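# Tertiary structure, described
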Amino acid sequence: MSPGPDMSTDLYAVLGNPVEHSKSPRIHALFAAQCEQRLRYEKRLIARDGFSQGLHAFRAEGGKGCNVTVPFKFEAAAAAAQRLSPRAALAGAANTLGWDDAGVLWADNTDGIGLVRDLARILGRPAPRLLAGFHVLLLGAGGAASGVLGALIEARPAGLDIWNRSADRARDLAARHAEFAARHGVALRAVAEPEAGYRLLINATASSLDGMALSLPNATLHPGVLAYDLMYAARATPFMAQARAAGAAAEDGLGMLVEQAAESFALWRGMRPDTAPVLAAMQTELRGPRD
Ligand code: NAP
């Protein structure tokens, strides 16, 4: 898993569908410049039924490692079932793949640590027990929700509810994490309807990617609530706009994107970039300079 010194232009990519919107190539270019690493990081649009073929084609091109995004995170974990990190095994989903020196595929998941680091920045609280006293609602039960749930549990919220459009997937996700949550003393539930009293709402659905707001009870969004959308865009996402209209604070997932990328970069290159200047650069590139 640990790469040797960089002697060439190693090839990395993000594999997904859609993938055109991805800022990962730019983020990794900034990391590479900062860490003086020679590498290329590209986008690969993969047919929805062709993940395995796409991954092998990328490897045949000389790929050293890749990120995996919508909708392939479960398939990515399955592809490397023999070499899953504990956090990818818990999630059953992977966003970071690589090949070791013997050519064996390994998989990890950096989404959770990426989210938690960004929440620590936004909330101004240290990562251990970051969410102590918080009731949290996680929206979604796909690859991203699966990837972040373990790290949210480790942040020790007072309660953690999962809601998903397809309720059975929320129940499955909660069941897969039940033992882990119990070990951390966290009350974890799948709920058919979001309730009142959450301090943090995390949108890990693809609703904003579809340009849609979520149908949430009025009691969930109000002043004092932070609404965090994993999706990021030049302007407020539909979820963020919905939250702000109700007086809640809202943030998008650009900071998480930079943090999860830094963790992937560290896995591939053995060095951790400084994320603060890269996030500042990405914010300016995406939204223009702040006043
Ligand atoms: P995924 O595996 O395809 O899962 C999609 C999830 O969204 C499922 O829970 C699905 O519900 C739900 N969903 C889709 N369309 C919806 C709609 N119109 N209304 C309500 N729910 C809807 O995708 P994913 O990998 O989890 O990614 C989800 C989002 O997170 C994407 O926008 C992605 O860009 C973002 N993301 C951001 C970061 C970051 O670093 N900022 C990292 C990872 C992911 P059903 O189960 O009912 O289909």
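Since this is a predicted model, take the numbers as computed values, not measurements.

Let us now look at the side chain of Asn-17. Among the secondary structure elements, Asn-17 is positioned in the loop between β1 (10-16) and α1 (24-35). A residue is classified by how much of its surface remains accessible, and Asn-17, at 17% relative accessible area, is buried. Contacts of Asn-17, omitting those with residues within four sequence positions, involve Leu-45, Ile-46, Ala-47, Arg-48, Val-70, Pro-71 and Phe-72.

The next thing to look at is the site of the ligand. Looking at the ligand, there are 26 residues lining it, with Ala-144, Asn-164, Ser-166, Arg-169 and Leu-230 nearest. Interatomic distance of 2.8 Å between a backbone N/O atom of Leu-230 and a nitrogen atom of the ligand. A distance of 3.4 Å separates an oxygen atom of the ligand from a polar atom in the backbone of Leu-257. The protein chains hide 90% of the 920 Å² of surface that the ligand would expose on its own. Ranked by the residues each element gives to the shell around the ligand, the list is headed by helix α10 (residues 254-269), at 3 residues.

Attention now goes to the nonpolar core. Among the nonpolar cores identified, the biggest contains 34 residues, and Leu-119, Leu-138, Leu-152, Leu-160, Leu-200 and Ile-202 are the most heavily contacted of them. At the level of elements, α5 (111-123), β6 (135-139), α6 (143-154), β7 (159-163), α7 (167-176), α8 (178-183), β9 (200-203) and β10 (226-229) are the ones that each hand at least two residues to this core. In terms of residue count, α6 provides more of this core than any other element does, 7 residues in total. Apart from residues lying up to four places away in sequence, Leu-200 is in contact with Leu-119, Leu-131, Phe-134, His-135, Val-136, Leu-137, Leu-226 and Tyr-228. Counting residues in hydrophobic clusters, the runner-up holds 24 residues, among them Tyr-12, Leu-30, Tyr-41 and Trp-106.

Let us look at the UniProt feature "binding site: NADP(+)" (unreviewed entry) in the protein. Mapped onto this numbering, the UniProt entry gives "binding site: NADP(+)" (unreviewed entry) at Gly-140, Ala-141, Gly-142, Gly-143, Ala-144, Leu-230 and Gly-253. One can find Leu-230 in the loop between β10 and α9 (238-245). When its relative accessible area of 14% is taken as the criterion, Leu-230 is described as buried. Excluding its chain neighbours within four sequence positions, the residues that come into contact with Leu-230 are Ala-144, Ile-202, Asn-203, Ala-204, Gly-253 and Met-256. Among residues more than four places away in sequence, those in contact with Gly-253 are Tyr-228, Asp-229, Leu-230, Met-231 and Tyr-232.

On to the pattern of salt bridges, then. When the charged atoms of two side chains with opposite charge come close together, those side chains can pair. If you walk through the whole model with that rule in mind, you get 17 salt bridges. Asp-10 is the salt-bridge partner of Arg-269, the closest N and O atoms lying 2.9 Å from each other. Of this pair, Arg-269 sits in helix α10 while Asp-10 sits in strand β1; the two residues are 259 residues apart in sequence, bridging distant segments of the chain. Judged by its relative accessible area of 7%, Arg-269 is buried. The shortest N-O distance in the salt bridge between Arg-83 and Asp-100 comes to 2.9 Å.

Let us now look at the sheet that holds strand β4 (residues 96-99). With mixed pairing, 5 strands are arranged side by side in an open sheet as β2-β1-β3-β4-β5. If you trace the sheet from one side to the other, it starts and ends with β2 (39-45) and β5 (105-108), each paired once. The mean angle between the axes of side-by-side strands here comes to 20°, regardless of whether they run parallel or antiparallel. Looking at chain direction, strand β3 (residues 63-68) and β4 are connected through 3 bridges and run antiparallel. Among the inter-strand pairings, Gly-65 is bridged to a residue of β4, identified as Gly-98. In the packing of helix α2 (residues 51-60) onto the sheet, contacts are made with β1, β2, β3, β4 and β5, and the angle to β3 comes to roughly 145°.

Rules used in this analysis
- Residues numbered from 1 in each chain as written.
- Predicted model: local features only at pLDDT ≥ 70, side-chain atom pairs only at ≥ 80, totals over all residues.
- Heavy atoms only, no water.
- Helix = DSSP H or I, 4+ residues; strand = E, 2+ residues; numbered from the N terminus.
- Buried < 20%, exposed > 50% of the residue type's maximum accessible area, 1.4 Å probe, protein only.
- Contact = heavy atoms within 4.5 Å.
- Near = heavy atom within 4 Å.
- Polar contact = N/O pair within 3.5 Å; in protein donor to acceptor, adjacent residues only side chain to side chain.
- Areas by Shrake-Rupley, 256 points an atom, 1.4 Å probe, with all protein chains shown as cover.
- Core = buried A, V, L, I, M, F, W, Y, C linked by side-chain atoms within 4.5 Å.
- UniProt positions renumbered as here; feature names shortened; annotations may be inferred.
- Salt bridge = Lys/Arg side-chain N within 4 Å of Asp/Glu carboxyl O.
- Pairing = 2+ DSSP bridges.
- Axes fitted to C-alpha atoms, helices over the stretch in contact; angles between N-to-C directions.

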